[in-house]
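Here is what each chain is made of, one letter per residue.
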Number of protein chains: 2
Amino acid sequence: MKKQWRSHCPISFGLDVFGDRWSLLILRDIIFKEKKRYQEFLNSEEGISTNILADRLKLLEDHGIISKKDDPDNKKQILYAPTKKGLDLIPVMLEIIRWSGRYDLDTAVSREFIARLSNDLDGLIREVRSQFEKPQRLKKQRHKKESRK
Amino acid sequence: MKKQWRSHCPISFGLDVFGDRWSLLILRDIIFKEKKRYQEFLNSEEGISTNILADRLKLLEDHGIISKKDDPDNKKQILYAPTKKGLDLIPVMLEIIRWSGRYDLDTAVSREFIARLSNDLDGLIREVRSQFEKPQRLKKQRHKKESRK
DNA sequence: ATTGTTACTTGCAAAAAACAAGCTATTGAT
DNA sequence: ATCAATAGCTTGTTTTTTGCAAGTAACAAT
């Protein structure tokens, strides 16, 4: 990593990390479209070129926004996944979606999704995050008795 | 305007409009730092160059995110202001601020601001917007009696 | 009348993106 | 064991965008 930040203004900091035309699209693929593999990103409709994709994957990994690991079932495949830092960009992406849903006359966002952004933003965020959360080891059991099925 | 959208995915649409390293910084200056003039933008600490600034101001105006008008007091000065479409990007910027506040160890965001993002996001948004809203003509008076000071 | 300011524009070099091809380590099929 | 296919990249080359310096037109201030 060579780059310095232009400033420590938080907007500027954010833009230095993901303020380009591709980084958030890759993260969208990973988080909202559940894509995991290089070829899947390459096939996205916006048509990223392979060198740019390789570059952005590396940058996102360097910034700690995504992580990669080998596919246990297939040694030639690599699986990309979001880190917590990456998942914390969900609210940013959802607000972009809300804005585009309002101003793109031909937007692909459904009315239902827009409505949910207004009515249940937190639930939506939790739902999107949940699929990436490790199956959680149960915390210290509550003292209240619970019936088991 | 020559450009087409890469797709109607809302993330992609948003990035096509403001997904570069400068557009949101200019909007930050206008909305959060109350800057209005070309020179003020030029003087921002990130150091935008003049041709890029001119280009982005034009794009932002073409996209309906900012508007320009002549300064009534000084014919050679032009004043830039956010439109409603621009103000509607406040939530996006606030979420970027929240993220950077969390992950930039040297962030310029105060603890108080971060706290307010969590505790009173809507109030914060209203407060930021309010300074750009036209002094509103009073709406139809409410029927409930109100005492006047 | 001269000098300074403001909001740009223009020209050029450097950096980044897009486009096209090639390379290497698995695989799976024969 | 060999061979073609596939996945994940690299490596050129061209095109576009950026950064930097200088210049200009319209006004303002002295």
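Residues numbered from 1 in each chain as written. Chains lettered and ligands numbered in written order. Predicted model: local features only at pLDDT ≥ 70, side-chain atom pairs only at ≥ 80, totals over all residues. Heavy atoms only, no water.

Q: Got a sec to walk through the packing of helix 2 (residues 23–31) of chain A against helix 6 (residues 90–103) of chain A? Specific residues and values, please.
A: All names here are of chain A. Where helix 2 meets helix 6, the closest approach of the two axes is 11 Å, and the angle between their N-to-C directions is 100°. The orientation of helix 2 relative to helix 6 falls into the category roughly perpendicular. Residue-level inspection shows Leu-24, Leu-27, Arg-28 and Ile-31 of helix 2 in contact with helix 6, the latter providing Ile-90, Met-93 and Ile-96. Class assignment of the residues belonging to the contact of helix 2 with helix 6 gives a composition of six nonpolar, no polar and one charged. (Axes fitted to C-alpha atoms, helices over the stretch in contact; angles between N-to-C directions. Helix = DSSP H or I, 4+ residues; strand = E, 2+ residues; numbered from the N terminus. Parallel < 35°, antiparallel > 145°, perpendicular 65-115°, else oblique. Contact = heavy atoms within 4.5 Å. Nonpolar A, V, L, I, M, F, W, Y, C, P; charged D, E, K, R; others polar.)

Q: With reference to specific residues and values, describe helix 1 (residues 10–18) of chain B.
A: Burial analysis of helix 1 of chain B places nine of its nine residues in the buried class, which makes it a mostly covered element. Of the surrounding secondary structure, the elements contacted by the buried residues of helix 1 of chain B are helix 2 and helix 6 of chain A together with helix 2 (23–31) of chain B. (Buried < 20%, exposed > 50% of the residue type's maximum accessible area, 1.4 Å probe, protein only.)

Q: So what's going on with the interface of chain B and chain A? Residues and values would help.
A: Taken together, the 42 residues of chain B in the interface contact 42 residues of chain A. Interface of chain B and chain A: buried area, both sides summed, is about 4,000 Å²; carbon and sulfur atoms make up 68% of it. When the area that chain B buries against chain A is broken down by residue, the three leading residues are B:Arg6, B:Ile11 and B:Trp99, summing to 19%. The interface formed by chain B and chain A contains four salt bridges. The salt bridge partner of B:Arg102 is A:Asp88, with a shortest N-O separation of 3.2 Å. The interface formed by chain B and chain A contains 19 residue pairs in polar contact (both at pLDDT 80 or more). Those elements that provide at least two residues to the side of chain B that touches chain A are helix 1, helix 2, helix 5 (84–87) and helix 6 (90–103) of chain B. A total of 10 residues in the side of chain B that touches chain A trace back to one element, the largest contributor, which is helix 6 of chain B. Residue composition of the side of chain B that touches chain A, by class: 21 nonpolar, seven polar and 14 charged. (Buried area = accessible area lost by both parts, 1.4 Å probe. Salt bridge = Lys/Arg side-chain N within 4 Å of Asp/Glu carboxyl O. Polar contact = N/O pair within 3.5 Å; in protein donor to acceptor, adjacent residues only side chain to side chain.)

Q: So what's going on with the packing of aromatic side chains? Residues and values would help.
A: Evaluation of the coordinates by the stated rule reveals 10 aromatic pairs over all chains. Considering the side-chain rings of A:Trp99 and B:Phe13, the 6.2 Å spacing of their centres and the 40° angle between planes classify their relative orientation as tilted. One end of the pair, A:Trp99, is in helix 6; the other, B:Phe13, is in helix 1, on a second chain. Owing to a relative accessible area of 1%, A:Trp99 belongs among the buried residues under this scheme. For B:Phe13, a relative accessible area of 4% puts it in the buried group. Taken together, a centroid distance of 5.3 Å and an interplanar angle of 50° make the contact between B:Trp99 and B:Tyr103 tilted. In this pair, B:Trp99 and B:Tyr103 are both assigned in helix 6, four residues apart and thus about one turn of the helix distant. (Phe/Tyr/Trp six-rings, centres within 6.5 Å; stacked < 30°, edge-to-face > 60°.)

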